Amino acid sequence: MTADRSGGARGGPYARGTGGARGLRPDGTIAREGELDRVQAPFAPVVAAARTRIAAAFPAEALHSAYLYGSIPRGTARPGRSDLDLLLALHRAPDAQDHARARELESGLDRDFAQIDGAGVLLAGAAALLSERERHDLGWFVACLCTPLLGADLGALLPDYRPTSLLARESNGDLAEALERWRTRAAGLTTDAGLRTLLRGAARKTVRTGFSLVMPRWQGWTSDLEESAEIFGACYPRYAARMREAAEAARYGDGGTARLTMLTEELGPWLAGEHLRVHGARSPRT
């Protein structure tokens, strides 16, 4: 582990792809990929409003800390195309009232800012994020993929992470379960907007699972979807074209039911089986 657990080391430059460090620090651990000073000018008012509204909706006795993740803190967001992604860590396990507040926060930000194509707020208890059970899933997510926005950074209490088979298994070894959820949701869709939302989410998960399958072999980290698809495709050329389709759907939500079916009935089932074969079964979750 590095000596500095304040979060400063995690905030170092994000090295993408084959441009040298492959998203790693000099010691081979995964660098924290986002920073507030990378937020582009069009999104600065959105982030400022999110900070203010989170504090108003979740009082200090409820909120431990808040984080940005995704393309906005990475500095790669596209106005009108990218969404705002937030994680709120609470002092206790979230309840129904907390979830209602989060949905209200999402809808208000989406309504008031045309720069974003929706807002998403994840809720979790701080104890769960720091638990041994979540060490290589939600813990890794906080430590490496989340940018502190409010409160004390939980990342300072988590270990350093490397692109290992353990990380691949625990963070993305649940594709089979996700496929069942997507099929159920698809059967109940009634609007094009709902289809687009489901397709984007399913495609993102698919691409990230594909990248995690080859991550230990590639020995690096990236959140860039197109890059992830290319790295996967170099290892599995037979499925390269399908994974590029998934990366396109993840960004734009295009392709409709045909592309969603490709994910749930063709690429997804094969990928879930291959991930299980290579990295083993994910630890059970309650």
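Every value quoted in this text rests on a predicted model; they were computed, and no experiment measured them.

Caption draft 1: Layout of the overall build of the chain. Scanning the chain from N- to C-terminus turns up 11 helices and four strands. Since a compact globule built from 286 residues should have a radius of gyration of about 19 Å, the 18 Å found for the chain is in line with a globular shape. Counting only C-alpha atoms, the chain reaches 50 × 50 × 40 Å along its principal axes. Once local pairs closer than 6 in sequence are excluded, the contacts in the chain between residues at least 24 apart make up 74%. Surface exposure of the chain reaches about 12,500 Å², of which carbon and sulfur atoms provide 55%. For the chain, the distance from the average position of its 37 positive side-chain charges to the average position of its 35 negative side-chain charges is 2 Å.

Caption draft 2: Looking closely at the state of the cysteines. In total, this model carries zero disulfides according to the counting rule given. Of all cysteine sulfurs, the one in Cys146 lies closest to Cys144, which takes part in no disulfide; the gap is 9.6 Å. Taking relative accessible area as the criterion, Cys144 reaches 0% and is therefore assigned buried.

Caption draft 3: View of the nonpolar core. Judged by nonpolar contacts, the single largest core of 54 residues is most densely connected at Ile30, Leu87, Trp140, Phe232, Met243 and Leu263. Ranked by residues supplied to this core, first place goes to helix 8 (residues 192–218) with 11 residues. Sequence-distant contacts of Met243, that is, excluding residues within four places in its chain, are made with Thr206, Val207, Gly210, Ala229, Phe232, Leu267 and Leu271. Counting 27 residues, the second largest nonpolar core, distinct from the first, contains Val39, Ile54, Ala77 and Leu88.

Caption draft 4: Examining the sheet that holds strand 1 (residues 63–69) more closely. What the four strands build is an open sheet, ordered 3-2-1-4; its pairing is mixed. Each edge of the open sheet is held by one strand with a lone partner, namely strand 3 (119–125) and strand 4 (146–151). When the angles between neighbouring strand axes are averaged without regard to direction, this sheet yields 25 degrees. Both strand 2 (residues 84–90) and strand 3 contribute to a ladder of seven bridges, which runs parallel. Within the sheet, the bridge partner assigned to Asp85 lies in strand 3 and is Gly120. In the packing of helix 1 (residues 44–57) onto the sheet, the strands contacted are strand 1, strand 2 and strand 4, and the crossing angle to strand 4 comes to about 50 degrees.

Rules used in this analysis
- Residues numbered from 1 in each chain as written.
- Predicted model: local features only at pLDDT ≥ 70, side-chain atom pairs only at ≥ 80, totals over all residues.
- Heavy atoms only, no water.
- Helix = DSSP H or I, 4+ residues; strand = E, 2+ residues; numbered from the N terminus.
- Rg over C-alpha atoms; globule rule 2.2 N^0.38 Å.
- Contact = heavy atoms within 4.5 Å.
- Areas by Shrake-Rupley, 256 points an atom, 1.4 Å probe, with all protein chains shown as cover.
- Lys, Arg positive; Asp, Glu negative; His and termini not counted.
- Charge placed at Lys NZ, Arg CZ, Asp CG, Glu CD.
- Disulfide = S-S within 2.5 Å.
- Buried < 20%, exposed > 50% of the residue type's maximum accessible area, 1.4 Å probe, protein only.
- Core = buried A, V, L, I, M, F, W, Y, C linked by side-chain atoms within 4.5 Å.
- Pairing = 2+ DSSP bridges.
- Axes fitted to C-alpha atoms, helices over the stretch in contact; angles between N-to-C directions.

Scope: geometric values only; no functional claims are made or implied.
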